[in-house]
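Descriptive analysis of the structure
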Amino acid sequence: MRQIAIIGSGPAGYYTAEAAQKQWGEDVVVDIFDRLPVPFGLIRTGVAPDHQSIKGVSRRYEAVALSDNVRFIGNVTVGEDVSIAELEAMYDAVVLATGAPYDKKLGLEGEDLAGVHGSAAFVGWYNGHPQFAGLDPDVSGGHAVVIGNGNVALDVARILAKTRGEFAGSDIVGHALDILQQSRIEQITILGRRGPHQIAMTTKELGELAHLERACPRVDPADLPDEGEDALLEPGQRKSVTHLRSFAAIPESHRADKDMEIEFDFFASPRRILGDGGKVTGVEVERTKLDGGRAVGTGETYVVPASLVVACIGYQTSPIPGVPFEESAGRFANVDGRILPGLYCVGWARRGPSGTIGTNRPDGFSIIERIVEDLASGAAKGGKPGRAAFDALAEQRSLKIVRFRDWQNIDEAEKANAREDSPREKFVDVGAMIEAAKR
Ligand SMILES: Cc1cc2nc3c(=O)[nH]c(=O)nc-3n(C[C@H](O)[C@H](O)[C@H](O)COP(=O)(O)OP(=O)(O)OC[C@H]3O[C@@H](n4cnc5c(N)ncnc54)[C@H](O)[C@@H]3O)c2cc1C
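Scoring rules and cut-offs
Residues numbered from 1 in each chain as written. Predicted model: local features only at pLDDT ≥ 70, side-chain atom pairs only at ≥ 80, totals over all residues. Heavy atoms only, no water. Phe/Tyr/Trp six-rings, centres within 6.5 Å; stacked < 30°, edge-to-face > 60°. Helix = DSSP H or I, 4+ residues; strand = E, 2+ residues; numbered from the N terminus. Buried < 20%, exposed > 50% of the residue type's maximum accessible area, 1.4 Å probe, protein only. Near = heavy atom within 4 Å. Polar contact = N/O pair within 3.5 Å; in protein donor to acceptor, adjacent residues only side chain to side chain. Areas by Shrake-Rupley, 256 points an atom, 1.4 Å probe, with all protein chains shown as cover. Nonpolar A, V, L, I, M, F, W, Y, C, P; charged D, E, K, R; others polar. Pairing = 2+ DSSP bridges. Axes fitted to C-alpha atoms, helices over the stretch in contact; angles between N-to-C directions. Salt bridge = Lys/Arg side-chain N within 4 Å of Asp/Glu carboxyl O.

Taken as a whole, this structure holds 15 aromatic pairs when the rule is applied. Each ring, one from Tyr15 and one from Tyr61, has its centre 5.2 Å from the other, and the planes form 90 degrees; the classification is edge-to-face. With Tyr15 in helix H1 (residues 11–24) and Tyr61 in the loop between helix H3 (52–55) and helix H4 (62–65), this residue pair connects regions lying 46 residues apart in the sequence. Tyr61 carries the same exposure label as Tyr15, and that label is buried. Pairing Phe122 with Tyr126 gives two aromatic rings, centres 5.9 Å apart and planes at 85 degrees, and the pair type is edge-to-face.

With that settled, consider the site of the ligand. Close contacts around the ligand come from 29 residues, with Ala12, Asp34, Leu42, Trp348 and Ile357 the closest. In the environment of the ligand, an oxygen atom lies 3.4 Å from a nitrogen or oxygen atom belonging to the backbone of Pro11. When the ligand sits alone it has 1000 Å² of accessible area, and the protein chains cover 91% of it. Taken together, the elements giving at least two residues each to the shell around the ligand come down to H1 and helix H7 (151–161). Split into classes, the residues belonging to the shell around the ligand amount to 14 nonpolar, twelve polar and three charged.

Attention shifts here to the sheet that holds strand E7 (residues 143–147). With parallel pairing, the six strands of this open sheet are ordered in space as E6-E14-E7-E8-E10-E9. Two strands lie at the open edges of the sheet, namely strand E6 (116–118) and strand E9 (215–219), each paired on one side alone. Neighbour to neighbour, the strand axes of the sheet diverge by 20 degrees on average, direction disregarded. Judged from the four bridges that link them, E7 and strand E14 (residues 308–311) form a sheet pairing that is parallel. Bridge pairing in E14 places Ala144 opposite Leu308.

Judged by how many residues are buried, E7 sits mostly within the fold: five of five residues are covered. Residues His143, Val145 and Ile147 line one face of E7 and the alternating positions Ala144 and Val146 line the opposite face, and both faces are buried.

Sheets are built from strands paired through backbone hydrogen bonds, the pairs being either parallel or antiparallel. Reading across the sheet, the six strands line up as E3-E2-E1-E4-E19-E18 and stay open at both edges, with mixed pairing between neighbours. Only two strands of the sheet have a single neighbouring strand rather than two, namely strand E3 (70–74) and strand E18 (338–340). Taken pair by pair, the neighbouring strands of this sheet meet at an average axis angle of 20 degrees, ignoring direction. Note: strand E1 (residues 2–7) against strand E2 (residues 28–34), six bridges, orientation parallel. Residue pairing for E2: Ala5 is matched across the bridge by Asp31.

The next point concerns the pattern of salt bridges. Taken as a whole, this structure holds 37 salt bridges when the rule is applied. A salt bridge links Asp31 to Arg71, with the shortest nitrogen-to-oxygen separation between them at 3.1 Å. Remark: Arg71 occurs in strand E3 and Asp31 occurs in strand E2; sequence separation between them is 40 residues. With respect to class, Asp31 is no different from Arg71; both count as buried. Of the charged contacts, one joins Arg338 and Glu373 as a salt bridge, the two residues approaching to 3.6 Å between their closest N and O atoms. With Arg338 in strand E18 and Glu373 in helix H13 (residues 360–377), this pair connects stretches of sequence that are 35 residues apart. Of the residues examined, Glu373 reaches a relative accessible area of 43% and is grouped as partly exposed. Linked by salt bridges that have partners in common, Asp50, Asp155, Arg158, Lys162, Lys204 and Glu208 make up one network.

Right, dumping it as structure tokens:
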């Protein structure tokens, strides 16, 4: 019987469990650990609350989660409640699927001012991640700046722009909805170091900006390359750029009906966050130009006023004691997912923060192949006690474990607590989750 520990219950964790089942059938036992009492990682705490169909992907993991040889062990932080060395001694293979939960730093003067947030914190706040539920961002000023030209920047801008009515059907948490309802933001500026052809924004997410109730997107036509150059783009990117062209063509008469603007400021590299009395007041930006695809500063600077700044520039994995870490890439040091024989990584913990939910599936399958190789060659040792040894340790340490059936109780309670126009009201506090799990 193979004994596999997977650390992290996001997409990469569940795809790895699915691959283990496909490989070994009944001859494998898989324990999936998570530091939260609730599963599914960024599907719950990252994917936008108004994108419910994407969040629904988690239902595909239930067949695996509910099978007899797979167990969810929630509310256990690996590296604190149990060490990697302990797990390596107990399981034939330990797979880190811990994602990339922390914000990359901007590395700019002023980034610690009040009112400046990273997207992990800001997105975690509106999605009810217990670690960020208390963020309480100040939306009483008029101007928000969102740094970054990827889909996370679009999510943040859209959430800041929506009216209460536009959140119908979403599972945005009540505390965020209440604060956003008081928002006085009239202008959202999305800063991108490079130009329209270099965006990492997908067509669907860009297109949504054209249909917001009170906000209108704006692109400066002067920032757009000659239309003929769009032919050089791959088809998805070309469609995204077509949206930017249509935003540039929106007539002023249409804008007059809207009381909020989402402005794309391209070729704009943040240099310094400015503040007064400890609070952010603006972002000093340097105009850039492209040089061989790279953004280089032109020396021309200007200030974009800001009462709120959200930096959506990427994430990093959090190191775990005893696991080699590649500081520059913000992920575990690995070769094709192998950290050492017996210790592996998948998903964002392996690759860094890029790719969609589906990108993690081949990762999970390829890591199981690697584990098979290592066990066959003797590089990794099999025949370990696995689950029974962990259960003994958990009892000795009095760990308060939350199982998948307990999560289903939490799920039911969240659905029962939902506002009228929402599928659920999430618990945002670990204690409340554990309380609901027991029912
Ligand atoms: C804001 C945002 C929006 C996104 N929107 C989309 C989208 O619309 N569509 C799409 O396809 N993709 C989207 N993505 C990308 C997608 O979420 C990722 O590809 C995917 O979640 C990565 O999976 P993962 O399993 O590697 O990590 P995660 O989903 O982050 O899962 C990691 C898990 O590990 C747990 N963990 C971490 N450390 C420990 C520890 N020490 N001990 C125990 N457990 C631990 C965490 O609690 C978490 O549950 C989005 C990402 C972000 C950030």
